[in-house]
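Notes for the structure review
Chain by chain, the residues:
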There are 2 protein chains.
Amino acid sequence: MPLRFVEPAAEAHPFPLTIRHLLDGVLTKAGDQRLIYRNQASYSYRELMGRIGRLASLLEALGTEQGMTVAMMDWDSHRYLESYFAVPMMGAVLQTVNVRLPSSQIAYTLQHAKAEIILVHRDFFPIIEAIRHTLPEVKTVIAIMDGADEALPTWVAGEYETLSAVASPDYSFVDFDENAVATTFYTTGTTGNPKGVCFTHRQLVLHTLASCGPFGASSASPSLGIDDVYMPLTPMFHVHAWGLPYIATMLGVKQVYPGRYEPAMICDLRSRHGVTYSHCVPTVLEMVLKAADQSGADLTGWKMTIGGSALAKALCAEGRQRGMLIGAGYGMSETCPVIVKAAGRTPEDVATEEAMLSTFTVAGITVPLVDVRIVDDAMNALPHDGVTWGELVVRTPWLTSCYVGDAKASAELWRGGWMHTQDIATIDPQGRVQIRDRLKDVVKTGGEWVDSIQLEELVSTSEGVAEATVIAVPDAKWGERPLAVVVPLPGMTPTLVSINVPVEKAIADGAITRFARLDRFVILDALPRTSVGKIDKKVLRARFNEEAGVST
Amino acid sequence: MPLRFVEPAAEAHPFPLTIRHLLDGVLTKAGDQRLIYRNQASYSYRELMGRIGRLASLLEALGTEQGMTVAMMDWDSHRYLESYFAVPMMGAVLQTVNVRLPSSQIAYTLQHAKAEIILVHRDFFPIIEAIRHTLPEVKTVIAIMDGADEALPTWVAGEYETLSAVASPDYSFVDFDENAVATTFYTTGTTGNPKGVCFTHRQLVLHTLASCGPFGASSASPSLGIDDVYMPLTPMFHVHAWGLPYIATMLGVKQVYPGRYEPAMICDLRSRHGVTYSHCVPTVLEMVLKAADQSGADLTGWKMTIGGSALAKALCAEGRQRGMLIGAGYGMSETCPVIVKAAGRTPEDVATEEAMLSTFTVAGITVPLVDVRIVDDAMNALPHDGVTWGELVVRTPWLTSCYVGDAKASAELWRGGWMHTQDIATIDPQGRVQIRDRLKDVVKTGGEWVDSIQLEELVSTSEGVAEATVIAVPDAKWGERPLAVVVPLPGMTPTLVSINVPVEKAIADGAITRFARLDRFVILDALPRTSVGKIDKKVLRARFNEEAGVST
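Everything numeric here is computed off the predicted structure, so don't read it as measured data. (Residues numbered from 1 in each chain as written. Chains lettered and ligands numbered in written order. Predicted model: local features only at pLDDT ≥ 70, side-chain atom pairs only at ≥ 80, totals over all residues. Heavy atoms only, no water.)

We now examine the overall build of chain A. Counting its regular elements, chain A contains 16 helices and 25 strands. Taken along the three principal axes of its C-alpha coordinates, chain A extends 70 × 70 × 50 Å. Counting over 552 residues, chain A shows a buried share of 62%. A sequence separation of at least 24 residues applies to 67% of the contacts in chain A between residues at least 6 apart. (Helix = DSSP H or I, 4+ residues; strand = E, 2+ residues; numbered from the N terminus. Buried < 20%, exposed > 50% of the residue type's maximum accessible area, 1.4 Å probe, protein only. Contact = heavy atoms within 4.5 Å.)

Structural alignment of chain A on chain B gives an RMSD of 0.1 Å, achieved by rotating through 180° and translating 0.0 Å along the axis. Both copies are brought into coincidence by an operation consistent with a two-fold rotation axis. (Least-squares fit on C-alpha atoms with pLDDT ≥ 70 in both.)

Residues and elements named next belong to chain A. Taken as a whole and assessed by the stated rule, the structure comprises 20 aromatic pairs over all chains. Relative to Tyr246, the ring of Tyr84 lies with its centre 5.1 Å away and its plane at 35°, an arrangement referred to as tilted. One end of the pair, Tyr84, is in helix 3 (residues 78–89); the other, Tyr246, is in helix 8 (residues 244–251), and 162 residues separate them in sequence. Exposure remark for Tyr84: the relative accessible area of 1% places this residue in the buried category. Ring plane angle 75° and centroid distance 5.2 Å describe the contact between Phe85 and Tyr246, whose orientation is recorded as edge-to-face. Taken together, the residues Phe85 in helix 3 and Tyr246 in helix 8 connect sequence positions 161 residues apart. Classification of Phe85 by relative accessible area gives buried; the value is 0%. Its relative accessible area of 1% is what places Tyr246 among the buried residues. Taken together, the aromatic side chains of Tyr80, Tyr84, Phe85 and Tyr246 make up a single cluster linked through ring pairs. Its guanidinium or amino end placed over the ring of Tyr43, Arg51 lies 5.2 Å from that ring's centre, counting from NZ or CZ. (Phe/Tyr/Trp six-rings, centres within 6.5 Å; stacked < 30°, edge-to-face > 60°. Lys NZ or Arg CZ within 6 Å of the ring centre and 35° of its normal.)

What follows is about the UniProt feature "domain: AMP-binding enzyme C-terminal" (unreviewed entry) in chain A. When the UniProt feature table is mapped onto this chain numbering, "domain: AMP-binding enzyme C-terminal" (unreviewed entry) sits at residues 455–534 of chain A. The span residues 455–534 of chain A is 24% helical and 30% strand by assignment, and the distance between its end C-alpha atoms comes to 17 Å. (UniProt positions renumbered as here; feature names shortened; annotations may be inferred.)

Facing 81 residues of chain A, the contacting portion of chain B comprises 81 residues. For the pairing of chain A and chain B, the buried interface totals around 6,700 Å² over both sides, and the portion due to carbon and sulfur atoms is 62%. Applying the counting criterion to the chain A and chain B interface returns two salt bridges. In this structure, Arg202(A) and Glu178(B) form a salt bridge, with 2.8 Å as the shortest nitrogen-oxygen distance. In this assembly, chain A and chain B are joined by 26 residue pairs in polar contact (both at pLDDT 80 or more). At five residues, helix 7 (residues 201–211) of chain A tops the list of elements feeding residues into the side of chain A that touches chain B. Residues that form the side of chain A that touches chain B fall into these classes: 44 nonpolar, 21 polar and 16 charged. (Buried area = accessible area lost by both parts, 1.4 Å probe. Salt bridge = Lys/Arg side-chain N within 4 Å of Asp/Glu carboxyl O. Polar contact = N/O pair within 3.5 Å; in protein donor to acceptor, adjacent residues only side chain to side chain. Nonpolar A, V, L, I, M, F, W, Y, C, P; charged D, E, K, R; others polar.)

This brings us to the packing of helix 9 (residues 263–273) of chain B against helix 10 (residues 282–295) of chain B. All names here are of chain B. Their axes nearest at 9 Å, the elements helix 9 and helix 10 cross at an angle of 75°. In terms of orientation, helix 9 and helix 10 fall into the roughly perpendicular class. Residues Pro263, Ile266 and Cys267 of helix 9 form the contact with helix 10, whose own contacting residues are Met287, Val288, Ala291 and Ala292. Looking at the contact of helix 9 with helix 10, its residues break down into seven nonpolar, no polar and no charged. (Axes fitted to C-alpha atoms, helices over the stretch in contact; angles between N-to-C directions. Parallel < 35°, antiparallel > 145°, perpendicular 65-115°, else oblique.)

Quick look at the sheet that holds strand 17 (residues 371–375) of chain B now. Residue and element names in this part refer to chain B. Here four strands make up an open sheet; going across it, the order is 17-18-19-20 and the pairing antiparallel. The sheet terminates laterally at strand 17 and strand 20 (433–438), the two strands that pair on one side only. Adjacent strand axes in the sheet meet at a mean angle of 50°, parallel and antiparallel pairs treated alike. Looking at chain direction, strand 18 (residues 390–395) and strand 19 (residues 419–427) are connected through four bridges and run antiparallel. Along strand 19, the bridge assignment pairs Val393 with His420. (Pairing = 2+ DSSP bridges.)

All right, on to the sheet that holds strand 18 (residues 390–395) of chain A then. In any sheet, the strands associate via hydrogen bonds between backbone groups, in a parallel or an antiparallel arrangement. Residue and element names in this part refer to chain A. As summarised here, the arrangement of the four strands in space is 17-18-19-20, forming an open sheet in which the pairing is antiparallel. Both edges of this open sheet fall to strand 17 (371–375) and strand 20 (433–438), since each of them pairs with a single strand only. Sheet twist, expressed as the average angle between the axes of neighbouring strands with direction ignored, equals 50°. Summarising the sheet, strand 19 (residues 419–427) and strand 20 pair through five bridges and their orientation is antiparallel. Bridged to Thr426 within strand 20 is Gln434.

Quick look at the pattern of salt bridges now. Summed over all chains, the structure comprises 58 salt bridges over all chains. Residues Asp74(B) and Arg79(B) are paired through a salt bridge, measuring 3.0 Å at the closest nitrogen-oxygen approach. In the salt-bridge network here, residues are joined through shared partners; they are Glu178(A), Arg202(A), Glu178(B) and Arg202(B).

With that settled, consider unusual backbone geometry. All names here are of chain A. The omega angle of the peptide bond from Cys336 to Pro337 is 15°, so this bond is cis rather than trans. Along the chain, the position of Pro337 falls in the loop between strand 14 (325–331) and strand 15 (338–341). Its identity as a non-glycine residue notwithstanding, Lys114 has a phi of 55°, on the positive side. With respect to the helices and strands, the residue Lys114 is situated in the loop between helix 4 (103–112) and strand 5 (115–121).

By domain assignment, chain A separates into domain 1 (19–200) and domain 2 (449–544). Using only C-alpha atoms to locate each centre, domain 1 of chain A and domain 2 of chain A end up separated by 41 Å. (Domains from an automatic or database assignment.)

Further remarks concern the environment of Phe125(B). Residues and elements named next belong to chain B. Positionally, Phe125 belongs in helix 5 (residues 125–131). A relative accessible area of 12% means that Phe125 is categorised as buried. Taking C-alpha positions, Phe125 is 14 Å from Thr140, a pair spaced 15 residues apart along the chain. Beyond its immediate sequence surroundings of up to four residues, Phe125 is in contact with Val120, Ala143, Met145, Pro153 and Trp155.

Residues and elements named next belong to chain B. Summed over all chains, the structure comprises zero disulfides over all chains. Free cysteine Cys316: the closest other cysteine sulfur is in Cys280, separated by 12 Å. We note that Cys402 lacks a disulfide partner, and the nearest cysteine sulfur, in Cys198, lies 4.7 Å from it. (Disulfide = S-S within 2.5 Å.)

Moving on: the pairing of strand 1 (residues 34–37) of chain A. Residue and element names in this part refer to chain A. Relative to strand 2 (residues 41–44), strand 1 runs antiparallel, the two being bridged by four bridges. The residue bridging Tyr37 from the neighbouring strand is Ala41, located in strand 2. Linkage of strand 1 to strand 2, two consecutive antiparallel strands, is achieved through a turn of three residues, within which Arg38 is found at a positive phi near 40°. In this structure, strand 1 lies alongside strand 11 (residues 254–257), joined through three bridges in parallel fashion. Note on strand 11: the bridge partner recorded for Ile36 is Val256.

Attention now moves to the side chain of His201(A). Residues and elements named next belong to chain A. Summarising the element assignment, His201 is placed in helix 7. Within the local environment of His201, its side chain forms a polar contact with the backbone oxygen of Pro88, the two atoms lying 3.2 Å apart. Not counting residues within four places of it along the chain, the set of residues in contact with His201 comprises Leu17, Thr18, Ile19, Pro88, Met89, Phe176, Glu178, Ala180, Val181 and Ala182.

Now for helix 3 (residues 78–89) of chain B. Residue and element names in this part refer to chain B. Taking 1.5 Å of rise per residue, twelve residues should cover 16 Å, and helix 3 covers 17 Å from first to last C-alpha, within 8% of that figure. Where burial is concerned, most of helix 3 is hidden: twelve out of the twelve residues are buried. What helix 3 keeps buried is the set His78, Arg79, Tyr80, Leu81, Glu82, Ser83, Tyr84, Phe85, Ala86, Val87, Pro88 and Met89. At the N-terminal boundary of helix 3, the capping side chain belongs to Ser77, with an oxygen 3.2 Å from the backbone nitrogen of Arg79. A positive backbone phi angle near 90° is found at Gly91, which sits one or two residues after helix 3. (Expected span 1.5 Å × (residues − 1).)

On to helix 15 (residues 496–508) of chain A. Residue and element names in this part refer to chain A. The end-to-end C-alpha separation of helix 15 is 18 Å, in line with the 18 Å expected for 13 residues at 1.5 Å each. Remark: the principal bend of helix 15, roughly 35°, maps to Pro502. Among the residues of helix 15, Ser498, Ile499, Asn500, Pro502, Val503, Ala506 and Ile507 are the ones counted as buried. At its buried positions, helix 15 is contacted by helix 14 (452–460), strand 23 (465–475), strand 24 (479–488) and strand 25 (521–523). Trailing helix 15 by a residue or two, Gly510 shows a phi angle of about 75°, which is positive. (Bend = angle between axes of the 7 residues up to and from the residue.)

This is how it looks when you write it as structure tokens:
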């Protein structure tokens, strides 16, 4: 027999999963709820709806059509939030531009995405000034003056607030195919040009619903609930700020946007507006802790989800000592991004401080509708025993279906019908995914895999070391050997012996393979970092693979 | 320009929203988690997956095909849970039969749904025995003996566990169109035969995701989280037990199924297995409280969502006094069912015990993706001022798109592009929906609307009254007048004066219109109830509309 279908009533409301529906019911329950931008703006959700309408009206007046790309270059702002909704809701595509890339790469991404309209904060005028002659497809640039009373560049069509003020708040948004592309942005790979990922309306709606699931049942687990106050500390150009602005708006919670990240401003906004939930990379958490120590700000009760890099137990403990609830999450540009979140599920998971630190620094368990595996090179599923390493592969409805316009990379991404994260992970019998290393960062030496993350954590704790990282360098005898790259504390001179002290202890404890014992290291003044603040091992590999064996 | 679409990688995993995907990742994180059935069965999620496979294999062996209806008649059991998944995952349609209906109506619903296979608990053999000659389309009946060592009726093809034991656990479920019908069941309307509603895979997946949203952020709000232990106390034939078995399974929590509701067994299961979250109608909560009082069972920490009827503050307070967290929710057969849930969002909402009672007895605020309005007869939207009454109409992706095979009722249900609940509600400026009355129960008298629910609550508190309800009866002068139907306490004889005492006080306080003053009432030994335990005003109206004015 065929599957059963029924004929809906003629007037039954069709309900595609388009982003506009994330706003359904929001005005009813949160019309008077507030949105805050630094110390510059405070307005209600009722006004937010009007501002979303105004942005769409002004974009339409400037020629924006369905399918067109509108690029956003702003700090984390209420305007960015408005663009998250208005642009896709018009049927256009929002490009969230990584403003930390070199100008030439920003130009490349704007060209590749075929951006025709750009909204740009005045801080980024020099970038546009430098590259605009390379962007023939750009029809219109809208300036975001952010309160500054300065003349507009000659090449802009107008100013965001000025144009917005005279545009109609009553834009008539309509429904359309939920599989239309809503957002696009670029991920910087190991080689070559940045690669474009994209997400459809359906994907973003499903990600929003599934990733806000009840992970907060344990009071120890950081999660955004309907009585929280939200402030992002992840750039909004970076994978939809992990999807939280969509969740926060759907739930109708009070939101605070910090603009350009300034530690003092962040702590001030947090205390003034009672912020209870944020999310960031470890570096930003460190920055916040330092600022709070200087100002004496109280951080009690601030919940934070940490992603982007591994959350070290020491950092988690530092936050917890200040009364914060800290927990890891994991995802990437290709995954929208949320895949797993740390969660306490049993009394044992949260019984002691040490248990808490273990529970909440492991990347976590899958959110609903996510299927994960660890696999070997031949795509064989590996056991979930907590010790076997394999590449983490994923299935869920919100993964980028391709790299835009790059069939070869797309095929590689989806090889074997699973999306390849290129991260090496273990999965334990309770389903906890722990990221062990990047596939390309793992050190394969003497037939053993050395966990570069674990090794660099050990070296980081050695005497006289401020920061450390580990990369693989080619070795004639062993295949590869680990190379420690070390930034000393002021006035200190770490040695091969001193950096190996914690490593030897871990070997003696059986916590790491003896192949991890370091036989070479280099000292640098600072570690190179990527545009999102991660240590740039690509740069280190390029440099030290060529001069392997230095400084042993 | 057209909308933008991208070409997915050839191997990109397609991901329809079919029910099988609610199980994605569950085995990874909850393989060893337990499912309990009374004191008869305890098994792991790993075994659950096998049992779902076995059920599908045995149904297939008995001729079940895609599109076929498989009817379930069981108490709340692990088997029912298995059918929630196995039947729709095969592409067949699960009919959850309301076993409390009269046999003739059960026969009607089985005929109307074209059920070809019936799974039936031995307690319901007499029903099937009585009606099976009226069911020519039924090919196969499978007996659920529930551990009883008795001979099978001659007309069954085998026994659930016996057949299951020899069936393969490795049924190969495949994906298909997410808009295929997954479930169907019947709602008893005011007139005529029961009406069939149906829900697609897509609708059930979206309902599962959206209705488990983070309403539990406030510790005072009852909600199912990943560290809870779940036990349904709403019949599983009744609107998917409000969707919770799907949520609980997706989250991988421990589940306890109580079988036929027996208060002592329920309290025993609750304490033995540490149940922390349940849901039920007010009558069942009353029953549980009474049983606990008799046995001295500790109810502390038991979270309960109450729906089906209004949650009286007095009952909520009784539960709270025993350390329970009680909160209302609202929905109906046509809505899958969850539309709104009670929630504390501000400190004021939960500041005092009185505030808690107000917050958690109001039906609540919308869950994500739900849009509600109150409208007048002409579908004009009415203000959200907390006092204006109107019919509650709804839009969300999980509403039944029709009454199966009833075009006229379907058109009426969706008149004007909104689904009509036939409930009268107010919405306050914070978005709290409060159900005031059934559209057909409201008393329109002298140009005023009298809240029959409020009036019956007042009468219920009058001296000598055990239970009371209020219906409208025709009146030549006033259009309609309220008629109180009263069940006295043993040995008591309420009078028109005595039942009006709380009403007069409410009129004096301005809490109710003076048109509510009762001028007629009747005394009955008991109130008629529907199959799901609600007071059957339809029966009362039929009786007293014809003899209006009696007993004044």
